[in-house]
Amino acid sequence: MLDLSIITINYKTNELTRACIDSVKKYTKDIKFETIIIDNSEDNRGFAGGNNVGIKKAKGRYILLLNSDTYLHDDVLSKMVSYMDKNPEVGISSCSLKNVDGTPQVTGGHFPTLVKVLFWMVLQDFPGMEGLIGQFHPKKNGDGITDMDWVGGTFFMIRHDMVRNVGLFDDSYFMYTEEVDFCFRAKKLGWRVSYAPVGSITHIGGASSKSSEFVVLSEIKGIKIFFKKHFSKWQYPILRLILKIGALGRIILFGILKGGEYAKIYAKAFWQA
């Protein structure tokens, strides 16, 4: 049986996808693996829909969702498979991520609640706020192995057997927040989600996202879907109010600091919220 099925979505990133897979083949030793490339360039099914196609094809004991704009430096995949083998209660894990310049890149965080969304949208960027509460989008990961609420989809290793009771990704999320939803469902069933820096990869970031506007609007849409799906109905209008207040504050702040382009993005976010 294969140890690992590696699923990579190509959305108009042919060169990056090729380089990513080449690095996997170059550095991965001691495990049996397959690579599954899902081409979203013509029929873009999004992160959730594209990965669901790959998951249905996967034959490995573990499944790794690996962004096309990443590359390996060493045999991190064997290390992560070994970590999962030694920790059978862990259903989902991520290694550590690095920026191109070698600096740490954050992955994951806490599940969004009304308080955490308020902190994220309104308070997080103020000096001294870091670390006051468990954050939906923290600015750094810990140095050691840490249990998380969710980890990001850049490097998202899942136990294949777990998919049978958690299910596939919810493709009503086109991009962003679908991994939060998946981790939420997994944790409700008793699985652990782990940040395991036993190795690292480099993540270029943003290669298949269309723009900052796309990212901002997609994440707001995703948060709204998540709250509608998992929380009581009374929370939804409060969430929308928080998102609007946060967007309004960023219209003013970014209009002053970064100019009209960013203000326009959050003006669209205000109306979408």
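Placed above this text is the structure.
Everything quoted here is computed from the prediction, not taken from an experiment.

Attention now moves to the environment of S212. Along the chain, S212 turns up in helix 7 (residues 212–230). Each C-alpha atom of the pair S212 and T146 lies 30 Å from the other, and the pair is 66 residues apart in sequence. Once residues lying within four places of it in the same chain are set aside, the contact partners of S212 are Y262 and I265.

Another aspect to go through is the side chain of R159. Position of R159 among the secondary structure elements: in strand 8 (residues 155–159). One buried charged side chain, R159, makes no salt bridge at all; its nearest oppositely charged neighbour is D85, positioned 5.3 Å away. Here Y62 takes part through its side chain, which lies 3.1 Å from a polar atom of the side chain of R159. Setting aside chain neighbours within four positions, we find R159 in contact with R61, Y62, M84, N87, P88, V90, G91 and W191.

Our next topic: the pairing of strand 9 (residues 192–203). Among the 12 residues in strand 9, nine count as buried, and that is most of the element. Pairing between strand 4 (residues 70–72) and strand 9: three bridges, direction antiparallel. Counted as the bridge partner of Y71 is T202 from strand 9. With seven bridges joining them, strand 5 (residues 90–98) and strand 9 adopt parallel strand pairing. Looking across to strand 9, one finds that S94 is bridged to Y195. Pairing of strand 7 (residues 146–148) with strand 9, which is carried by three bridges, proceeds in the antiparallel orientation. Opposite T146, over in strand 9, you have Y195 as the bridge partner.

In this section: helix 6 (residues 178–188). Among the 11 residues of helix 6, nine are classified as buried, and the element is accordingly described as predominantly covered. Of the positions making up helix 6, those classed as buried are E178, E179, V180, D181, F182, C183, F184, R185 and A186. Against the buried residues of helix 6 lie helix 2 (46–57), strand 5, strand 8, helix 5 (160–166), strand 9 and helix 7. Trailing helix 6 by a residue or two, G190 shows a phi angle of about 100 degrees, which is positive.

What follows concerns the packing of aromatic side chains. Applying the stated criterion to the full structure yields 15 aromatic pairs. Note on F226 and F231: the rings are 5.6 Å apart at their centroids and 80 degrees apart in plane angle, and the pair reads as edge-to-face. Judged by its relative accessible area of 23%, F231 falls in the partly exposed class. Seen in terms of ring centroids, F227 and F231 are 4.7 Å apart; in terms of plane orientation they differ by 70 degrees. Their pairing is edge-to-face. Among the residues examined, F227 registers a relative accessible area of 1% and is labelled buried.

Once that is clear, we can look at the nonpolar core. Within the largest apolar cluster, 53 residues are counted, with the highest numbers of intra-cluster contacts made by I92, F156 and I158. Here this core gets eight residues from one element, more than from any other, and that element is helix 7. Those residues in contact with I158 that sit more than four places away from it in its chain are I55, Y62, I63, M84, G91, I92, V163 and F182. One finds C20, Y62, L66 and C95 within the second-largest nonpolar core, a separate group that totals 22 residues.

The tally for this structure, following the rule as stated, stands at 11 salt bridges. For the salt bridge of D74 with K79, the shortest nitrogen-to-oxygen distance reads 3.8 Å. Look at D74 and you get partly exposed, because its relative accessible area is 29%. Owing to a relative accessible area of 36%, K79 belongs among the partly exposed residues under this scheme. K268 serves as the salt-bridge partner of E213, at 3.1 Å between the closest nitrogen and oxygen. Within this pair, whereas E213 is found in helix 7, its partner K268 is found in helix 9 (residues 260–272), the two being separated by 55 residues in sequence. A residue is classified by how much of its surface remains accessible, and K268, at 43% relative accessible area, is partly exposed. Because the salt bridges share partners, they merge into one network encompassing D170, D181, R185 and K229.

The rules behind each value
- Residues numbered from 1 in each chain as written.
- Predicted model: local features only at pLDDT ≥ 70, side-chain atom pairs only at ≥ 80, totals over all residues.
- Heavy atoms only, no water.
- Helix = DSSP H or I, 4+ residues; strand = E, 2+ residues; numbered from the N terminus.
- Contact = heavy atoms within 4.5 Å.
- Buried < 20%, exposed > 50% of the residue type's maximum accessible area, 1.4 Å probe, protein only.
- Lys, Arg positive; Asp, Glu negative; His and termini not counted.
- Salt bridge = Lys/Arg side-chain N within 4 Å of Asp/Glu carboxyl O.
- Polar contact = N/O pair within 3.5 Å; in protein donor to acceptor, adjacent residues only side chain to side chain.
- Pairing = 2+ DSSP bridges.
- Phe/Tyr/Trp six-rings, centres within 6.5 Å; stacked < 30°, edge-to-face > 60°.
- Core = buried A, V, L, I, M, F, W, Y, C linked by side-chain atoms within 4.5 Å.

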